[in-house]
Amino acid sequence: GRRRGRMPKAPLKRPPAKDVGSEKPTPDSLLDNLAQVAIDDDRCAMGVGAFAGLIYLATMHRTLAGGDSGDLIANACSLGVPHPPGYPLHTLLAALFVRLIPFGSPALRVNLLSVLAAAAAAAQLFRAALVLVRVLPPPKRKTTAGMARWACAFGVLTFAFSPLTWTYSTHAEVFAINNMLVASLLLFTLRFSLNRDPREATAAALTIGLGISNQHTFVFFAFPAVCWALCWLAVSKKLLQVSIFVQLGLWGLAGLIPYLFMAWSGTQAIQDSWGDTGTGSGFVRHLFRAEYGTFKLYPGADQARNHLGEVLLLWIAHIWEETLFVGPFLIAAGVYSSLASKGAARRGGLVLLSLAVFYFLGFHSLSNLPLQLSMFRGVMKRFWMQLNASLALFLAPGFLWALNLLGGNGRRGDKAHGPIAVLLIACQIGRHYGKQDMSQAPFVENYGRGMLNALPYGALALTQGDINVHTIRYLQACEGVRPDIIFLDQVQMAFGWYSKQQAPRLTQRGVVFPGNTLMGKKAPAGHYSWQQFLQANLRDDRAMFSCGGWAHPDERLRESAPDGFQFVSPTVGVCERIFKDNTEVNVTQMVEMGKAARREMQFKYPDARNWNEDTWEHHIVGQLWKKRESLGANMLSLYDRSRNHEALQIAVDEYRDITAKCTWKTMPYTVWKQLGAALSHQAGITSQVSMLQATVLQKESVDAFRMFVKLSPDSDPDKETVFKHLRLLDEASSDQGGLKS
């Protein structure tokens, strides 16, 4: 018969790799995936946060930074209230860091708070990105757990090391804590959209309260998140359960508890604290930023209403630059892949996109900054971090989509995700590390110390401008620098609460307030003008200075002193001495003040070419070089009136420094003319210089005048005159080969 053979064995198949999105999402599988995020991926999230934190720590400011840092740290030291809306959560956390960390300056301790908060934000964003990636169907092939983690690490760290986020993660500001709370809200909202777990809703409610206690713009994220939660509760019929609704409300109110600190602080009359938050009306005014204009960023007369299309184009250009030039494409791919999906994936994508869109429309419909000025564009960009954080979650699915599109199939494709993600993250860090390294950047603190140390003992300083006011406030409140200087914030003097909260303390130190509130040039009865204030306080035994010019309410005072008064600009570095008209100036005293000003402004300046125009470092460079140019002009003018040789030497030294070292691109070309004039004067002092020295000085003077002719526009009235003199000089010296160029 027929011989029976054995059936051939079927080839063994390798069991498929563990997938993230291989099965159609079901409620049970989604819950399992969420459990895996909590158990298996927690160490990855902490690793991402720790890595970001270490880079932030290496590049952190070791001293005071610009912006609002000085005001925030000063109030953490004194337990006062910062400028509106008060930022009570940040103040309380910063106060703890100031008191509990046993090393470093107060500025360094609060800078550490930002580093830790920013690292926590990266960890929370990683967790949120994993939730989104795990519910998305794979683009072409199954997405393994390793691929998902690398994709999320790429998206989160691209955001974390974008210049905007990096900048505000390394010094004292409210934005790092805000990013941490935004990331947490995104995580809890995404989870709640999938599992309807009341614990996620409770955590989101508490986060919303804390976020509003930290920064008001958080409400633009909170509102759509609350709307989504109410819709889901209504669908699941849990909204009808009063206990759940009350519980969520109570947790939200618990997050607002830090505002109780603000009410307490307002009753203490703390030095330089803002507002009258100890009363109900004063608390509400401060909470809603009434002094700045409720729900407005900017109180100035040049406030603008910006077109949303213009702002959108600015944001696209910004995100293009911030994300290695691939961010907009990957975000678009991630949005498309989530919205084109079904069920949980589409729901998660809609949640994130709605939060981003509502924030963009809500914030920019109220933003009134004049964007033609680079500094104000920089201020507006700070508020894009919340928007960027929500959209950064789409970078992970966009990254997976791009690699699959480029042929990332098979095992080799799976293994390529990690190296490619590492390479892109390294490029992002390396591209921006140099400009973000603030570990050796004491510019702001040096600027403030120089401003204070140049003032004579017991001086009265009328100060305006954030860089001046906040720096002095920090140095006096936290480090005890020059407590003898009486410091008045010009902007605060124009508010009604100032006479109640701050004036009594200053009156004890001899300051006279001739009314309740600083008003315009024609102050009504019971109030006072600048003229009245200066007349009441200008004394022979106490020098008075204007540091940063003149603040509103009288806009005409920005460029000149009040009627009946003059000032010499600047006699002591950043500040200007105020005199009554026709005052006989003590030349010797003025020269000594000029020497002190020059000495205090000799610290190392940042190179303006290395900083964007919307940074405080660039602003400080401009301020310092302008003040030094004014110091040279002031000393040269003093020489013309008194023939004091020391004043002339200060002018020559200042102009030489400016022409040799200034990196500020808008340095006035007239500096060369001033240098030439000062050197010419010095060469003509036969009692002070030898013939050889006079010849060298005269040649240097001619070279300076030549630079003036080269750089000055034809419209300059002195250009033709200087040119004619140089031509005559060339003709006279041509036979001897002297100074002809």
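Sequence positions are assigned chain by chain, starting from 1 and proceeding in written order. Note on the predicted model: pLDDT of at least 70 is required for a residue's local features to be given, and 80 or more for side-chain atom pairs to be given and counted; whole-chain, interface and lining totals, by contrast, use all residues. Note that the side-chain values use all heavy atoms of the structure and ignore hydrogens as well as water.

With respect to the pattern of salt bridges
So the rule is basically this: Salt bridge criterion: a side-chain nitrogen from Lys or Arg within 4 Å of a carboxyl oxygen from Asp or Glu. By definition, any uninterrupted DSSP run of H or I lasting at least four residues is a helix, any uninterrupted run of E lasting at least two residues is a strand, and each is numbered from the N terminus.
Tallied over the full model, the rule gives 28 salt bridges. For the salt bridge of Glu576 with Lys627, the shortest nitrogen-to-oxygen distance reads 3.2 Å. Of this pair, Glu576 sits in strand 5 (residues 575–580) while Lys627 sits in helix 28 (residues 616–642), and the two are 51 residues apart along the sequence. Among the ionic pairs, Arg598 bridges to Asp657, the shortest N-O distance being 3.0 Å. Taken together, the positions of Arg598 in helix 27 (residues 587–600) and Asp657 in helix 29 (residues 645–661) put the pair 59 residues apart, joining distant regions of the chain.

Details of the side chain of Asp657
Counted only if it meets this: A 1.4 Å probe rolled over the protein chains alone gives each residue an accessible area, and that area as a share of the maximum for its type sets the label: buried under 20%, exposed over 50%, partly exposed in between. A 3.5 Å cut-off defines polar contacts: any pair of N or O atoms within that distance qualifies, except that in protein one atom must be a possible hydrogen donor and the other a possible acceptor, and neighbouring residues in sequence count only when both atoms are side-chain atoms. By definition, residues are in contact when any of their heavy atoms lie within 4.5 Å.
Its relative accessible area of 11% is what places Asp657 among the buried residues. Side-chain polar atoms of Asp657 contact the side chain of Arg598, separated by 3.0 Å. A distance of 2.8 Å separates a polar atom in the side chain of Asp657 from a polar atom in the side chain of Arg628. Ignoring any residue separated from it by four or fewer positions in sequence, one finds Asp657 in contact with Arg598, Gln602, Trp625, Arg628 and Cys662.

A short note on the nonpolar core
As a reminder of what qualifies: Take the buried residues of types Ala, Val, Leu, Ile, Met, Phe, Trp, Tyr and Cys, join any two whose side-chain atoms come within 4.5 Å, and each joined set is a nonpolar core.
Ranked by size, the top nonpolar core spans 184 residues in total, and within it Ile73, Leu393 and Phe545 carry the most contacts. Considering each element in turn, this core owes the most residues, 18 residues, to helix 5 (residues 106–135). Discounting chain neighbours no more than four positions away, the residues touching Leu393 are Leu125, Ala128, Ala129, Leu132, Leu186, Leu190 and Leu352.

Here we look at the state of the cysteines
Defined as follows: Two cysteine sulfur atoms form a disulfide, by the criterion used here, when they sit within 2.5 Å.
Using the criterion set out here, one finds two disulfides in the structure. One disulfide in the model links Cys77 with Cys478; its S-S distance is 2.2 Å. Taking the torsion about the S-S bond as the criterion, the Cys77 to Cys478 disulfide, at about 115°, is right-handed. Pair noted here: Cys77 is in helix 3 (residues 69–78) and Cys478 is in helix 22 (residues 466–479), with a separation of 401 residues, a long-range link. Each member of the pair, Cys77 as well as Cys478, is classed as buried.

Comments concerning a nonpolar patch on the surface
Going by this rule: The patches described consist of residues with a relative accessible area above 30% and no salt bridge, like charges being joined within 9 Å and nonpolar side chains (Val, Leu, Ile, Met, Phe, Trp, Tyr) within 5 Å. Per-residue and other accessible areas follow the Shrake-Rupley method at a 1.4 Å probe size, with only the shown protein chains counted as cover for residues.
On the surface, Val242, Val246, Leu250 and Leu253 cluster together into a nonpolar patch covering about 380 Å² of accessible area. Residue position: Val242 is located in helix 11 (residues 242–254). The exposure class of Val242 is exposed, given its relative accessible area of 58%.

A look at unusual backbone geometry
With an omega of 10°, the peptide bond between Pro84 and Pro85 qualifies as cis. Secondary-structure assignment places Pro85 in the loop between helix 3 and helix 4 (88–100). The residue Arg196 is not glycine, and still its phi comes out positive at about 55°. In this structure, Arg196 sits in the loop between helix 8 (175–195) and helix 9 (198–214). Judged by its relative accessible area of 24%, Arg196 falls in the partly exposed class. In this structure, Ala269 is a non-glycine residue whose phi angle is positive, near 50°. Counting through the fold element by element, Ala269 comes out in the loop between helix 12 (258–265) and helix 13 (280–287).

Nothing here speaks to function; it is geometry throughout.
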